[in-house]
Every structure is written in C-alpha cells, then in structure tokens.
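Architecture at a glance
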Amino acid sequence: MPFTSLRLHALVLGIIGLCIGCSDTSAPEEPPPPPEEPWDGTYTPLVEPTDWVDRGEYAPCSFTVPQGTAIDCDNPSHFDVSQCDLASLANLDAHGIYQIDMRHAAGFPDFAGIRVPQDGSTGTLDGHALTRQQLNGEFHIATRFTQRGVERDLAFAGCDAPQPGLVTGCFVRCSNGKVSSWGTFEAARMTWGRNEAEASGGLRLISEQAISMGRPVDVYVHRKHAYVVAINHDRTDAPGGLTVFDVSDPSNPIRKKEISLPGDSYWNAAWTKEDALYIASRSAGVLVFDISNPADPILVRNAPGGATLDVHTLFVDGNRLYAVSPGPAPHGETLIFDISTPLNPQLLSRFQASSTTSLTPSAHDSFAYQDRLYVNHFFAGYIVFDVKDPTNPRELGHYAFDTDNSFTTSHAGAVGTFAGKTIAFEGGEYQGAHLRVLDVTDPTAIPLIGRYQLRPQTSIHNMILKGQRLYIAYYHEGLRVLDVGNPTQPREVAYFNTFRESDPGRTDNLLEGAIGIRVPGDGHVYVVDTTRGLLVFNEL
C-alpha cells in the first residue's frame, strides 16, 4: 500500500464522510429507549468503507514548492493560502492537543499529533519539540528531528476553522532539506466530543488511582484485586511492570505491591486462572506469578521459556491460555498452552495464519469462543481458527482488507451469540478506527452487518462484551457503552470522557486516553487511562 516509510516505521514501533450504519457522533443526554422488538437475525450486508475514508482535499490551499526541491520547509510563505478564510483562525485557542488526519496529494493517509501547552512553553509534534508554534490568530506549526540518520521536517499551515475545535489546512514533509510530500489536513482538538459533558447515561467515576510504574495499558480483576500492567513507553524514569490494588472497596483501592524486572520493561496484558497470574512480556513471553496470596504475586517462571519471545496479548478460556506474539516479522504467531495446572503452562502448539501480509505488526489479539479462536491480524484482517484440537489449529476463514487501496487494521474483538447467529464485534487501531459488527456464523463468508464510529481523528483500543452491553476503551473518546441487542444498530447508551488536556503527562500521541478495560461482574467497570491510571466506574 502507498504509505510513507516514516509513518510505517512509527506504526511498527507503536504497534468522515458518509458512514453507513454508524452511530450519531453526539451522545444524547439520556440513553435512547430500548428497541420495541428483539432482533430477529435479519440484516442487509454493508459495504466495507475501510478505516480511513478518502474525503478529498481538506482545504483550498497548497504547498508551492515542487517535490525534490532543496528548501527551508519551516517557512510559512511557501504555502498558498490565498483562497483560505484566515480570519476564522482567530477563533482558535492558542493552546491545546490536536489529532490530525492528513491526506497526501497523492491520495494516501497519514496522521500526526500536536500539543501546545497552555503556559506557552515549547510544545510537541509527534513527540518532537516544536520549532514553530503560532496558534494566536493563526495556525503555523513545525518540527525538525533526526530519525535513522535522516533529518526530517514536518510543517502545518492553517487555512480555515470551520467550527470550534476544528481546523483545516496544508502540510509538507521534508527529508534532508528536500520536499518529499505535501497535502491537506483536518485537525480536531481533543476536547470532549461534540459539545459533550463529562459523562452521560448514569456512569459515575467511583475512584481513581495513579500508576507510577510507567504508561498503564491493561488491567485484570480477580479475587477482589486489580492487577494493572504498565510499559516503560519513552519514560526513562519508570521501569514498567505491575501494580497490585486491593479493590475490596472499589471506592477506595489500596495499593499493595509494585513489581518490575530488570531489562523487562514492557508488560502489555494480564489475565488470571485460580492461583496463577499471567502477564504478557515483550522479552520473556508469558510471565507466570503465584497469587495464592492475591496481594503478593510471586514470580514462578516464564513460558514457554528459552529464547526471547514478544507476547503482546493474552486470553484464557477454560484450561487454555492463548498468547499472541506480533513477531517475528513478518507474520507473528499465536501460542496455545494447557493450563489445567495453572502455575505450570504446557505449550500445545504455535501457529501462524496463511493469509498474513508483508507488513508488520501482524498477530495482535485473540478471542476464544465455542472451539474457535478469532485472531486480529492487524493489516491482514480478522482470522478465524478451529481450535477444538489445540495441537492442530485449522484456519477456517477471514474478514480481510484491501491493503493496496486502504488503511485498515484489525486490533481487538469480542464474540457472542445473538438470535442464533455468532456475531463478532471487531475494531482496528489508528486513525479512523471504529467498531465493525460481523456475522461470523460461517467463517468462509463473513459479511459486515453494522458499524459504530466517533471522530475520524480518534482510535479505539479494547472492548468487553457482557450480555447485550459492549464496553469500549476508546482512547481520546474515553469509556463508551453500547447496547448491542440489535447488533446491526449499536446504540450508545452511556459514556465517560476520561481524556483531559490538562492531565499532567498528557502527550500528543494518537493512542492516548482510555486503553484497557475489564467488567468482572462485581458491579463495577475497571478502566486504565494512559495518564490518569486506574479508574473505577459503576456497571450499568
């Protein structure tokens, strides 16, 4: 697919037009009434629009210097803004966090994030210090940095502010002082939705606990204890690791223990079975802890042992543990363990999908349901395996994307039965990512039957299906709760905006906000926010 090498590299490391069947982007003050009749299983298949939809040029401006020309890219005079409504830019605040949907003139997507602090200090663009930050009556933003031996420039010039918190304009990318590409953009300030309040639908924040171990990414709740894992994501002062909370009283979690291991700073997922806690490690595979004393995990071993293995996500179903590894490139793999003896996982098989692509990362997450394993294979799509015989998984089918002409990813999912059909809720990551509803009853022919999407500049991360409620950790959009009793028409019934620009430590990253979520059945919803830490809500 056409894509800048810079952005693809960033994807690997990190790893709206008309919207048929999408939810309205503005949540009502009160949840809508329940459907009069239950879903009867009928639907009209939808056309897959991809995550990023090409809406054409965002603004009537251009960069006037030809590609390949040696020039100072951080010079606003190189942008032709003669057809722009520059006066409207005076309505923009002189600070804020913006997520930017970029369209190169050649017609392919890109994205970036900007943060300009309220105190006027130097901001960032994609994590790099700004060399130009003019948001006072105008919009001129630029940065210069070196990556893999190449000096790179990225600059933006505003053209119009068509509504509060939204700005369009033009951008240019340069490499070693020469114009490499340019195009137009639409940037949305990451305040709460479209005139949204902090919360709706009866969701209440019951407690909040900061995490000092690094960037929190996942939580699992077991025996009245919450296990929060964190990664040392560009935070040199934080080791990454595990924080244990006693949540016997969810309104007052008590921090019991913090654990980290030297040289092992990227712990991305957690799950439990009986006296065992499993943690996904980038360098040690699956870490196995004894939690016979829930407040005091003791490391027992790593699985499968041996050479370094990057395990990114976990799923436990009965006596099986599924561990998904995005590497080695280009395919990634899924490992199946027998955990009938929870503290001593035994490897049964490891396998790769046949329909992966040359792009990385590949395997990302999984969901086990009725002897099938649904694996999110990022660019390669959503792939279904028969795992009735765990020693011999068989690929049954997939919901794939046209990676030559689109930017679409499969990142997370959940599966259940509705009106006698097996229905999957699946979502991608990065710009334009949203919820898809798929009929996976026949994995050889999977139709798209419903969708739900918020702003095109935001991304979803994880989801939990409980009955007819789907709980989504939606990064900048916070916690979203959907009624999916009729899967063809997911309806938002509640939300809580966890993201706040003013939170200490907030960055310009697209993957900021609500990231991990669990609904353990104790009457509460546990969410981890990348900056705020562990947030506990009431369950609806």
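Here is a short report on the structure shown in this document.

Parameters and conventions
Residues numbered from 1 in each chain as written. Predicted model: local features only at pLDDT ≥ 70, side-chain atom pairs only at ≥ 80, totals over all residues. Heavy atoms only, no water. Disulfide = S-S within 2.5 Å. Helix = DSSP H or I, 4+ residues; strand = E, 2+ residues; numbered from the N terminus. Buried < 20%, exposed > 50% of the residue type's maximum accessible area, 1.4 Å probe, protein only. Pairing = 2+ DSSP bridges. Axes fitted to C-alpha atoms, helices over the stretch in contact; angles between N-to-C directions. Polar contact = N/O pair within 3.5 Å; in protein donor to acceptor, adjacent residues only side chain to side chain. 1 Å grid on protein atoms, 1.4 Å probe; cavity = no way out; pocket = protein on both sides within 12 Å on 5 of 7 lines; lining within 4 Å. Points joined across faces, edges and corners; volume = space filled by probe spheres on them. Nonpolar A, V, L, I, M, F, W, Y, C, P; charged D, E, K, R; others polar.

A separate point is the state of the cysteines. Per the counting criterion, the structure on display carries three disulfides. Each disulfide pairs two cysteine sulfurs, and for C73 the partner residue is C174, the sulfurs being separated by 1.5 Å. Residues C73 and C174 share a disulfide whose torsion about the S-S bond is about -75 degrees; that sign makes it left-handed. Of this pair, C73 sits in the loop between β1 (62–63) and β2 (79–80) while C174 sits in strand β9 (residues 166–175), and the two are 101 residues apart along the sequence. By relative accessible area, C73 is classed as buried at 1%.

With that out of the way, let us pick up the pairing of strand β15 (residues 241–246). Counting buried residues in β15 gives six out of six residues, a clear majority hidden from the surface. Sheet topology note: the strand β14 (residues 225–231)/β15 ladder contains six bridges and is antiparallel. Looking across to β15, one finds that Y227 is bridged to V244. The pairing of β15 with strand β16 (residues 254–259) spans five bridges and is classified as antiparallel. Each bridged residue has a counterpart across the sheet, and for V244 the counterpart in β16 is K257.

Turning to the sheet that holds β15, a few remarks are in order. Through backbone hydrogen bonds, the strands of a sheet pair up, either in parallel or in antiparallel fashion. Across the sheet, four strands lie side by side as β13-β14-β15-β16; this open sheet has antiparallel pairing. The sheet terminates laterally at β13 (215–222) and β16, the two strands that pair on one side only. Averaged over neighbouring strand pairs, the angle between their axes works out to 20 degrees when direction is ignored.

This paragraph deals with the side chain of Q453. Considering the arrangement of structural elements, one finds Q453 in the loop between β32 (448–452) and β33 (462–466). On the basis of relative accessible area, Q453 is assigned to the buried category, the value being 3%. One polar contact links the side chain of Q453 to the main-chain carbonyl oxygen of G432, over a distance of 3.1 Å. Side chain to side chain, Q453 and R451 meet in a polar contact 3.3 Å long.

Our next topic: the layout of surface pockets. There is about 550 Å³ of room inside the second largest pocket. If you trace the second largest pocket, you find 28 residues lining it, with W271, F315, M463, I464 and R518 closest to the centre. Counting only elements with at least two residues in the lining of the second largest pocket, the list comes to β13, β17 (267–273), β21 (313–317), β25 (365–369), β29 (412–418), β33 and β37 (514–518). Here the lining of the second largest pocket gets five residues from one element, more than from any other, and that element is β33. Looking at the lining of the second largest pocket residue by residue, the class counts come to 15 nonpolar, nine polar and four charged.

Such coordinate-based values are descriptive only and should not be taken to indicate function.
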